[in-house]
Amino acid sequence: MNESMHAGTKLPSRQRRIVLLVLFLLAIWVGVGATERLAARYAPEPARVPPPIAVETLEIQPRLWVTTRRYTGTVEAEQEAVLAARISANVVEVLSREGMRVDSGHVLVRLDDEELRHEAERLAAVAERIEAELRLARRTLSRQEDLHRQKLIADQLLDEARQRVDVLQAQTSETEASLAALRTRIGYAQLLAPFSGVVQQRHAQAGEFVPAGSPLVTLVAVDAMRAVFHVPQVDAAHIEEGMPVKLTIPAMRGEAAVAWEARVDHVYPALDPRTRNASIDVLLPESVTDVRPGMAARAEVEISRHSQTLLVPVHALRQSGEHTVILLAEEGFAREHRIETGFQQQGLVEVRQGLESGAQVILGADRRISDGSPVSLVTPVRTERDPG
């Protein structure tokens, strides 16, 4: 009976094979899972390659590069003089006022010359007395010479007569010189305008006593005006006399508010030791009227012109230590290049060395991008359009 029961529990051979296959597959699945878990625990995960960063680039092409500079200055008179008293005296009359136009030779101030005139009269009287004595001495000398030829007087008397004439002649010359100098000083009592211009300032009033050397009137020549500009030392070497200048006076209104064509008249050789700036003069054209000293002036000067220049935007530059660098897109990667820059203007910088035509300059300031970073290019920007 037991044998019959045992025979009844046996599975058919086909079912046994299926069960064995299932157990085998289950063992394989368990083994593979365990292997993967061990591999994940003890084997490092392979590094992931970062995706390329999309960048906008600028295709560099040579172009015309005109460097202009704008400076602010001050209008000054081409000729200005502080006229001072040349004698010590009281001011009798001031014949000018601020803003008054005067011609050359116009009397501006009169000083008291009464004392000088009295002295001149005294010297003139002395000169007349000496001249009378000289005439008498000459007649006496003539008689002494006649008597000496007749051997009627001694040599000493003749010598004394000649000495008397010589002394009086010297006194005559001295008196004439003193009188001429005194008349010149009398002339200084009238302060004359040395050139045509406008009275800018009066420094004395009638009734004041002014010592010699005291300022009386400041006179400026307004027919010839100039504008003085202070130029940074980096630009000074590029500015020469005769260079064209576009000149404007901001205070002018209406039709007068135009840019005049002028030229650099003078470049001062020495720099200001405090500011390290150079100074240049620009003469105002004769057509410029109603301009006064002290007005602000603006000048636009073209200091260089180059036909084949490579330019990059300022924001494409980076600093690597002491060097200026840019990033170029080359074969799908960002590559760092050192460059030498020149003038900078309107958001663009001149590149003198380290860059070739056709290079793709990476724009923007994405700090994720460095030398060797993978990049993908969007539509390149050509240098003819404004990259800023």
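See the structure shown above.
Residues numbered from 1 in each chain as written. Predicted model: local features only at pLDDT ≥ 70, side-chain atom pairs only at ≥ 80, totals over all residues. Heavy atoms only, no water.

A look at the sheet that holds strand E4 (residues 89-94)
Argument step 1. Ordered in space as E7-E6-E4-E9, the four strands form an open sheet in which the pairing is antiparallel. The open sheet has two edge strands, strand E7 (190-192) and strand E9 (209-210), and neither has a second partner.
Argument step 2. Two strands pair when backbone bridges link them, and strand E6 (residues 107-111) and E7 are joined in this way by three bridges, in the antiparallel orientation. Note that in E7 the partner of Arg110 across the bridge is Gln190. (Pairing = 2+ DSSP bridges. Helix = DSSP H or I, 4+ residues; strand = E, 2+ residues; numbered from the N terminus.)

Some remarks on the pairing of strand E10 (residues 215-232)
Argument step 1. Most of E10 is tucked away: 13 of the 18 residues are buried.
Argument step 2. Sheet topology places strand E3 (residues 63-84) next to E10; eleven bridges connect them, and they run antiparallel. Across the sheet, residue Glu80 finds its bridge partner in E10, namely Val220.
Argument step 3. Where strand E8 (residues 197-202) lies against E10, four bridges are found, and the strand directions are antiparallel. For Val198, the partnering residue across the bridge sits in E10 and is Val220.
Argument step 4. Relative to strand E13 (residues 277-283), E10 is paired through seven bridges, and the arrangement is antiparallel. Residue pairing across strands places Ala227 opposite Val282, the latter belonging to E13. (Buried < 20%, exposed > 50% of the residue type's maximum accessible area, 1.4 Å probe, protein only.)

Focus: a nonpolar patch on the surface
Argument step 1. On the surface, a nonpolar cluster with roughly 550 Å² of combined accessible area is contributed by Val19, Leu20, Leu23, Leu26 and Trp29.
Argument step 2. By the element assignment, Leu23 lies in helix H2 (residues 13-42). (Patch = residues over 30% accessible without salt bridge, like charges linked within 9 Å, V, L, I, M, F, W, Y side chains within 5 Å. Areas by Shrake-Rupley, 256 points an atom, 1.4 Å probe, with all protein chains shown as cover. Salt bridge = Lys/Arg side-chain N within 4 Å of Asp/Glu carboxyl O.)

Some thoughts on the side chain of Ser96
Argument step 1. One can find Ser96 in the loop between E4 and strand E5 (101-102).
Argument step 2. Taking the relative accessible area as the measure of exposure, Ser96 reaches 3% and is therefore buried.

Side note on the nonpolar core
Argument step 1. Grouped together as the largest cluster of nonpolar side chains are 33 residues, with contacts concentrated most on Phe229 and Ile239.
Argument step 2. For this core, the elements supplying multiple residues, two or more each, are E3, E10, strand E11 (244-248), strand E12 (260-267), E13 and strand E14 (296-313).
Argument step 3. Here this core gets six residues from one element, more than from any other, and that element is E10.
Argument step 4. Not counting residues up to four positions away in its chain, the partners in contact with Ile239 are Tyr71, Val231, Val264, Val267, Ile280 and Ile303.
Argument step 5. Membership of the second largest hydrophobic core comes to 29 residues, among which are Ala89, Ala120, Val217 and Ala221. (Core = buried A, V, L, I, M, F, W, Y, C linked by side-chain atoms within 4.5 Å. Contact = heavy atoms within 4.5 Å.)

Interpretation note: all reported values are geometric properties and have no functional meaning in isolation.
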